[in-house]
Every structure is written in structure tokens, then in C-alpha cells.
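Observations on chain architecture
This is what each chain is made of:
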Amino acid sequence: MAAPIAPSRFELPEDHPGFSDPAYRARRARIAEVGAAYRRGDPIPDVTYSAEEDEVWRVVSTELASKHRKYACGEYLVGADRLVLPTQRVPQLREVDERVHGLTGFHINPVPGLVPTRTFYGSLAERTFLSTQYIRHHSVPFYTPEPDIVHEIIGHANMLASPVFADLYEVAGQASLRATTDISLDVFSRIFWFTLEFGVVHEDGAVKAYGAGLLSSYGEIEAFHDAEIRPWDLFAMATQDYDITHYQPVLFAAASFQQMLTDLHAFFSSYDDKACDQLLAQQ
Ligand SMILES: [Fe+2]
């Protein structure tokens, strides 16, 4: 029998959609325990999802898949077509990890929830993506106030199944390790946010999304067209504030997928505290 979960260990804030659902909170805590106990290199234990949770995955992943055909950049679709996630049930991290690792050498490892910034980005340098496993509450399938398995797997794992994105995530992780000051990590995080989380590119005569945050949000994947779309500018990204709790009002679009890839590779490959100072000195 599994050990009882200390009720305070994985508390939810009062405004979380699952706050007043004790069964959801208990199951979510049980799932988080798997991530908390996980040690890198161990087999990833399966977790039990409820029928309601499988239904959330089915509804959200079906809706997102059709929107991706309209709004996702081509390279994301390459990754999604290689990974071929299940559509009728929440995938186990074990199977996603095996598939992604076989495709690009990236690992997907479980964590109990948000991890420290340096831990999350630093793991990317080892081609390891740290993923939550719980899923949003069934009462609001198209909204989550925090990263959940929909965001991690439909957003990030589909990207990581593309060798192009997998390499970009790795150089981003390496850049984060050279960002030793708080300010250079903050600048790095902003660039990551406005690119790999919420980036868009001009492609085939339209603005297409490549950021995992856009590609995993049923609402925002359409609403991003209402955002103010500014031209590609790393200095502007580095100094732009953002609020994770709302749709992003400002996005940055690369002129092409290749421009994004070339510029981000160059930026991440040479990024360190000194490069951060030089970037900010452009003001
Ligand atoms: Fe993310």
C-alpha cells in the first residue's frame, strides 16, 4: 500500500480550479509524489489517471491537434508527427520519455511541480526536460494556472521530438549554466519565454507559433493573433516584462524560422554574464 500523503505537502492555492475537489487534490498529490521520489536513471513509474483525466486529455489534445494544423510552424508539426502521442488517454511519462529519447536523445523526467529556475534550465544542458505529470482539473479543460502534463507533453515534448528543437533546447540549457548572476539568468529567462515558450515566426505568409506555451493553450493559440506582434529583437525581449497569468499581450516574430534558429543558436551559444551586460548596454 502506498504511504499516506501529508496533506500540506502539495497544497493548491485557493483560486486553483481543483482546490475544492478533495479527490482531485489527493490524486494530484499522489502523482506529485512519483516526481518527488524519482531519481534520474530510474525507470519512470506509471501513475493512475482517472477516467475524467483521460477525458480531459482526449478533449484538449483533439482540439489542439486541429489548431496545430492551422497555427503551428512546420518544424513543430514534424516533431508531433514523429512522436505520435496517444489521443484517448493521458500518456505515461515513461512511454513519452522512451519515444523522445529514441528520436532525439532527449529525456523527459518527472518532477513534483515547479522546480527552481536554474534546475529546470540546467537540466536541458544534459538533454533532460523536467516535466510535471498531473493534469488540469476537469471542470476547466481549456485552462490551467500552472504547467501541467498537457503543456509539458503537447507543448514541449512534441518540440523535443524534432532534432532541430532538441539541439536548440540543449544550447539554451548550456547558456543558462553560464548565467551565474541573477540578472543574467533573468535576461536568459525572458529570451526563453519570448521564444521557446511564446515565440512566433512568419512562415508561408502567416504568423505561426513555435512556442510551447502557445501550442499547448487552446485559447491562446488563436488569441495570439490579437497580440501586438513586434519584430524580432533580442534586446527588446530581454527587457520586456511578462505576466504568466494572462494571455501574452506582446509577442516577437522572427522574419523566418531560419532567422529564429540562426539567431537563437548564436545567442545561446555565446551567452554568459558578459554577453548579458553587452546586450543590456545597447539601451
Ligand atoms: Fe513551458
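Residues numbered from 1 in each chain as written. Predicted model: local features only at pLDDT ≥ 70, side-chain atom pairs only at ≥ 80, totals over all residues. Heavy atoms only, no water.

**Section: the coordination of the iron ion**
For a metal with four tetrahedral donors the ideal donor-metal-donor angle is 109.5 degrees, whereas six octahedral donors ideally subtend 90 or 180 degrees. Binding of the iron ion to the protein goes through H151 (NE2), H156 (NE2), E197 (OE) and E197 (OE), at separations of 2.1 to 2.7 Å. Each of the four donor atoms bound to the iron ion contributes to angles spanning 53 to 144°, and the resulting shape is irregular. Each donor residue of the iron ion lies on the same chain, and together they follow the pattern H-x4-H-x40-E. Each member of the pair, H151 as well as H156, is classed as buried. (Donors = N, O, S within 2.8 Å, 3.2 Å for Na, K, Ca; no water. Tetrahedral: all angles 85-135°; square planar, octahedral: opposite > 155°, others 65-115°. Buried < 20%, exposed > 50% of the residue type's maximum accessible area, 1.4 Å probe, protein only.)

**A closer look at the sheet that holds strand 3 (residues 200-203)**
Taken in spatial order, the four strands make up an open sheet running 4-3-6-5, and their pairing is mixed. If you trace the sheet from one side to the other, it starts and ends with strand 4 (206-209) and strand 5 (228-231), each paired once. Across the sheet, the mean angle from the axis of one strand to that of its neighbour is 40°, orientation sign disregarded. Note that strand 5 and strand 6 (residues 250-254) share four bridges and pair parallel. (Pairing = 2+ DSSP bridges. Helix = DSSP H or I, 4+ residues; strand = E, 2+ residues; numbered from the N terminus. Axes fitted to C-alpha atoms, helices over the stretch in contact; angles between N-to-C directions.)

**Re the pairing of strand 4**
Strand direction decides the pairing type here: strand 3 and strand 4, joined by four bridges, are antiparallel. Of the residues in strand 4, the one forming a bridge with H202 is V207. Hairpin remark: strand 3 followed by strand 4, antiparallel, with two residues in the connecting loop; positive phi at D204, about 50°.

**Here's the deal with the pattern of salt bridges**
Enumeration over the complete set of coordinates arrives at 14 salt bridges. Across the pair R28 and E146 runs a salt bridge, and its minimum N-O distance is 2.7 Å. Residue R28 is located in helix 1 (residues 22-37), and its partner E146 is located in the loop between strand 2 (128-131) and helix 6 (149-160); the two are separated by 118 residues in the primary sequence. E146 shares its class with R28; the two are buried. Residues D46 and R94 are paired through a salt bridge, measuring 2.8 Å at the closest nitrogen-oxygen approach. Remark: R94 occurs in helix 4 (residues 93-104) and D46 occurs in the loop between helix 1 and helix 2 (51-71); sequence separation between them is 48 residues. Assessed through its relative accessible area of 44%, D46 is described here as partly exposed. Take R94: its relative accessible area is 30%, and that puts it in the partly exposed class. Look at the salt bridges and you will find they share partners, linking R127, D167 and E170 into a network. (Salt bridge = Lys/Arg side-chain N within 4 Å of Asp/Glu carboxyl O.)

Everything listed here is a matter of coordinates, which is why it stays silent on function.
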